[in-house]
Every structure is written in C-alpha cells, then in structure tokens.
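What follows is the residue order along each chain.
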Amino acid sequence: GRLVTHPGIEMRTTTDTTLTGNPLLRIVVLCVLYLAQGIPHGFVTIALSVWFVTRGVDVEGIAALATASVLPWSFKWAWGPVVDRYQIRRYGRRRPWILFAQSLMILSALCLLGIDDPAAQVGSIATIVFVHNLFSGLQDVSVDALAVDLLAPRERGRANGLMYGSKYLGTSIGGAGLGWLLGTQGFEVAVLAM
C-alpha cells in the first residue's frame, strides 16, 4: 500500500478489510462507535430536556431525566472485569460485547416509542434512559477494550482524541439535529431517527 502521513501517525493504506490490518478502518470504526454513544446523549440531555421545558414538565422531572442519563456511567467500572472475563473467542474478544450492548441500546431506545404522552410520563422515560445508558456504558467499555487491543501505544493518544471528538459530534447531532426533528416532526420521529 501507499504511505499516508498525518501529524503524529504514519500508516500504510491497504486493501485489508480487517480492523487489525487496516489502520484507517479501525480508527473510523472506533469513531463511529463513539458517535453512536453521543447521539442519544445529546438527544436526552439537550433536545429532550428543552422539549420537556416547553411542555411544562417540572424541574424534578427534568432533573430525574438528567440523572437517569448520567448516573449509569458511574457504574462503568463494573463492566470492565465482565468484558475481560467472559468472551466468546470464536466471534472475537470484544465484538460480542459491542454487538450485545448496541442491540440493547437500540431496543431500549425503541421502548421509548411505547410512551403515549412523553411529557406526562417522564418517570417512565427516565427509567428507559437509565437502562439505555447502562448499555451505552457497556459499549463504551467494550470499545475502549477493543481500542487497546487494536491500537499500538503510539496510536492511542490520537485515536482517543478522535474518538472523543466523534462522541461530541454525536452529542451535537443528538442535541441540535434531533432537537430540530423533535420540535418539527414530533417525539416518535426523533426517537426513530436516533
């Protein structure tokens, strides 16, 4: 392959389509997975919170929603030993955990569609958001473990910066983009887009 030089990183492009063999592909995949964490975070903490304010939800309800979005991340430390201990080697060390977490993130997000009147059922939404963020934290731990497995030590700093930048981009998309959808198209459309 040809040599591609970025400040701090030199990589050979390749036609290899595996994460271990293609440096650009592994960075893109890690960034997309972090983007997937940021979109729901922006939707809940920015778009949905503001939408609830416009619907007259009280401060306690909005605080419950914010707490449900952030509190599960404090349990992230518990996922690490589980991800490291239990593996299905024939599918890869980290892939099953990432797929499991992503599937449950999608399922929990779809549960929001069962809410008839979101402004009147903030407690139910907060419960679903809490569960969603438990699995988002699992995905975060699994992706971090994958990054450690795949990246050379000299690549980790740059990759980590790009991954966090992707999460912030996802938060912006979730807050602004899904906020616009929430305001113009309604709750169901915004949830489906998420």
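The structure reproduced in this document is the subject of the present report. (Residues numbered from 1 in each chain as written. Predicted model: local features only at pLDDT ≥ 70, side-chain atom pairs only at ≥ 80, totals over all residues. Heavy atoms only, no water.)

Looking at helix α3 (residues 76-85)
Reasoning step 1: What α3 keeps buried is the set Trp79, Gly80 and Val83. The buried side chains of α3 occupy one side of the element, clustering within an arc of 115° when seen end-on. Of the residues in α3, the exposed ones pointing more than 90 degrees away from the buried face are Trp77, Pro81 and Arg85.
Reasoning step 2: Residues of α3 that are buried in the fold lie against α4 (95-111) and α5 (122-150). (Buried < 20%, exposed > 50% of the residue type's maximum accessible area, 1.4 Å probe, protein only. Helix = DSSP H or I, 4+ residues; strand = E, 2+ residues; numbered from the N terminus. Arc of directions from axis to C-beta. Contact = heavy atoms within 4.5 Å.)

With respect to the pattern of salt bridges
Reasoning step 1: Within this structure, the stated rule accounts for 4 salt bridges.
Reasoning step 2: With its nearest N and O atoms 2.8 Å apart, the salt bridge here joins aspartate 149 to arginine 94. On the criterion of sequence distance, the pair formed by aspartate 149 in helix α5 and arginine 94 in the loop between α3 and α4 is long-range, its members being 55 residues apart.
Reasoning step 3: It is possible to trace a salt-bridge network through shared partners that takes in Asp84, Arg94 and Asp149. (Salt bridge = Lys/Arg side-chain N within 4 Å of Asp/Glu carboxyl O.)

What about a nonpolar patch on the surface?
Reasoning step 1: On the surface, Ile106, Leu110, Leu113 and Leu192 cluster together into a nonpolar patch covering about 350 Å² of accessible area.
Reasoning step 2: You can see leucine 110 is positioned in helix α4.
Reasoning step 3: We classify leucine 110 as partly exposed; its relative accessible area is 40%. (Patch = residues over 30% accessible without salt bridge, like charges linked within 9 Å, V, L, I, M, F, W, Y side chains within 5 Å. Areas by Shrake-Rupley, 256 points an atom, 1.4 Å probe, with all protein chains shown as cover.)

Quick word on the packing of aromatic side chains
Reasoning step 1: All chains considered together, the criterion is met by 6 aromatic pairs.
Reasoning step 2: When the ring of tryptophan 51 is compared with that of phenylalanine 52, the centres are 5.8 Å apart and the planes differ by 40°; the resulting orientation is tilted. Considered together, tryptophan 51 and phenylalanine 52 belong to a single accessibility category, that of buried residues.
Reasoning step 3: Between tyrosine 164 and tyrosine 168, the aromatic rings sit 6.5 Å apart at their centres with planes inclined by 50°, giving tilted as the arrangement. With a gap of 4 residues between them, tyrosine 164 and tyrosine 168 both fall in helix α6 (residues 153-185), about one helical turn apart.
Reasoning step 4: On the basis of relative accessible area, tyrosine 168 is assigned to the exposed category, the value being 57%.
Reasoning step 5: The rings of Tyr34, Tyr164 and Tyr168 are connected pair by pair, giving a single aromatic cluster. (Phe/Tyr/Trp six-rings, centres within 6.5 Å; stacked < 30°, edge-to-face > 60°.)

Observations concerning the packing of helix α2 (residues 59-70) against α5
Reasoning step 1: Taken N-terminus to C-terminus, the directions of α2 and α5 make an angle of 10°; their axes are 7 Å apart at the nearest point. The angle between α2 and α5 places the two elements in the roughly parallel class. The crossing of α2 and α5 is right-handed. Residues Gly61, Ala64, Leu65, Ala68 and Ser69 of α2 form the contact with α5, whose participating residues are Val122, Ile125, Ala126, Val129, Phe130 and Asn133.
Reasoning step 2: A breakdown of the residues in the contact of α2 with α5 according to their chemical character gives 8 nonpolar, 3 polar and no charged. (Axes fitted to C-alpha atoms, helices over the stretch in contact; angles between N-to-C directions. Parallel < 35°, antiparallel > 145°, perpendicular 65-115°, else oblique. Left-handed = near helix turned anticlockwise from the far one by under 90°. Nonpolar A, V, L, I, M, F, W, Y, C, P; charged D, E, K, R; others polar.)

Some remarks on the nonpolar core
Reasoning step 1: Phe43, Leu48, Phe52, Leu65, Ile125, Leu182 and Phe187 are the most contacted members of the largest nonpolar core, which totals 24 residues.
Reasoning step 2: Of all the elements, helix α1 (residues 23-54) adds the most residues to this core, at 7 residues.
Reasoning step 3: Discounting residues that sit within four places of it in the chain, leucine 65 has contacts with Val44, Leu48, Ser49, Phe52, Ile125, Ala126 and Val129.
Reasoning step 4: Within the second largest apolar cluster, 13 residues are counted, among which are Ile27, Leu150, Ala159 and Met163. (Core = buried A, V, L, I, M, F, W, Y, C linked by side-chain atoms within 4.5 Å.)

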